[in-house]
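Coordinate inspection notes
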Amino acid sequence: MAPELGPGHAFSHITAAILHGWPLIGPAPDRVHVVDLDATSVTHRLGVVRHAPQDAVPIDLTHQFRGVRVTSPLATAVLVATTCEPSTAAVAIDGGVRSASVDPAPLQLALPDPPARGSRQAQLVVTALDARHESVGESYTAIRLVELGIGLVEPQYEFRLPDGTIRRVDFWISSLGVVLEFDGQQKYVDPTMLAGRDAAQVLWQEKIREDQLRALPEVRTVIRVTWWHLAEPERLRALLRQHGVRV
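Residues numbered from 1 in each chain as written. Predicted model: local features only at pLDDT ≥ 70, side-chain atom pairs only at ≥ 80, totals over all residues. Heavy atoms only, no water.

1. Here we look at the overall build of the protein chain
Within the protein chain one finds 11 helices and 10 strands. The burial tally for the protein chain puts 47% of its 247 residues in the buried class. In the protein chain, once contacts between residues fewer than 6 apart in sequence are set aside, the share between residues at least 24 apart is 54%. A total of about 13,200 Å² of accessible surface is found on the protein chain, and carbon and sulfur atoms cover 53% of it. (Helix = DSSP H or I, 4+ residues; strand = E, 2+ residues; numbered from the N terminus. Buried < 20%, exposed > 50% of the residue type's maximum accessible area, 1.4 Å probe, protein only. Contact = heavy atoms within 4.5 Å. Areas by Shrake-Rupley, 256 points an atom, 1.4 Å probe, with all protein chains shown as cover.)

2. Focus: the nonpolar core
Counting 43 residues, the largest nonpolar core has I93, L107, L236 and L240 as the members making the most contacts within it. The element best represented in this core is helix α3 (residues 86-98), accounting for 6 residues. Those residues in contact with I93 that sit more than four places away from it in its chain are W22, A77, V80, A81, V102, L107, V125 and L129. (Core = buried A, V, L, I, M, F, W, Y, C linked by side-chain atoms within 4.5 Å.)

3. Some remarks on the packing of helix α5 (residues 119-128) against helix α6 (residues 136-147)
With their axes 8 Å apart at the nearest point, α5 and α6 run at an angle of 130° to one another. Classed by the angle they form, the pair α5 and α6 counts as oblique. Once α5 is placed against α6, the crossing between them reads as right-handed. Facing L124, V125, T127 and A128 of α5, the residues of α6 in contact are A142, I143 and V146. (Axes fitted to C-alpha atoms, helices over the stretch in contact; angles between N-to-C directions. Parallel < 35°, antiparallel > 145°, perpendicular 65-115°, else oblique. Left-handed = near helix turned anticlockwise from the far one by under 90°.)

4. Details of the packing of α3 against α6
Contact geometry for α3 and α6: axes closest at 9 Å, N-to-C directions at 130°. Classed by the angle they form, the pair α3 and α6 counts as oblique. For the element pair α3 and α6, the recorded crossing hand is right-handed. From α3, P86, S87, A90, V91, D94 and R98 reach across to α6, where they touch V136, S139, Y140, I143, R144 and E147.

5. Let's talk about the packing of aromatic side chains
Scanning the model with the defined rule gives 5 aromatic pairs in all. Measuring from centroid to centroid gives 5.1 Å for Y140 and W227, while their planes differ by 70°, and the two rings are edge-to-face. Note that Y140 is positioned in helix α6 and W227 in helix α10 (residues 227-231), a separation of 87 residues in sequence. Take Y140: its relative accessible area is 6%, and that puts it in the buried class. (Phe/Tyr/Trp six-rings, centres within 6.5 Å; stacked < 30°, edge-to-face > 60°.)

6. Thoughts on the sheet that holds strand β10 (residues 221-225)
Pairing is mixed across the open sheet formed by 4 strands, whose spatial order is β7-β8-β9-β10. The sheet is open, and its two borders are formed by β7 (154-160) and β10, each paired with just one other strand. Adjacent strand axes in the sheet meet at a mean angle of 50°, parallel and antiparallel pairs treated alike. Note that strand β8 (residues 166-173) and strand β9 (residues 178-182) share 3 bridges and pair antiparallel. Paired with W172 across the two strands is V179, which belongs to β9. The sheet contacts of α6 involve β7, β8, β9 and β10, and relative to β9 the element is tilted by about 135°. (Pairing = 2+ DSSP bridges.)

That's the geometry; what it means functionally is another story.
Written out as structure tokens, the structure is:
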């Protein structure tokens, strides 16, 4: 249960992101964040972090989410992008983009300019956002690719096979000839995604699909990324290098 807010306060930062229903990777924060219009500095007390308002971030105390006073999606996205780890921020805000509560274009304009605190990491975050990312795993993959300096990545790219069949992939890096797929465990265990098939059938169909992609002249390699690779950027870097991608 959220603590009761006094006048001039609203839940903010990562707390607001959670209240908006955006995804969170890693453990839940052990402190509640609020913005206090009367505060002039950040204070920590009894598990609550009170933030002074920022001139560049408009705070609308009339905004509510399911009856709870909370910073607006745009203000929340700015605060999260400038204060959280880029991977945490990108995954959370991309959830807002996916649900259409955040538009990356206005968010880009609302971000503080360098050398303001958090401005550089926020630019990394906004670069990774895309409404075409279909899952938390894809959002996580996108920000890791940005952190490793891999640009011009096309999400949900469609290839046409010689027989006319369309094969859509999570990411296509055309400059490298690399198809990159986030390989989550869910596709092998979730009854909805299995659609009446068993895990062995899904695995076999994935193999056939991958063979079809590898046979295309423009595709040099197919790389499957798991949650384990994303947890540490160096693991993803090592995986890419194993496939001849210099990062």
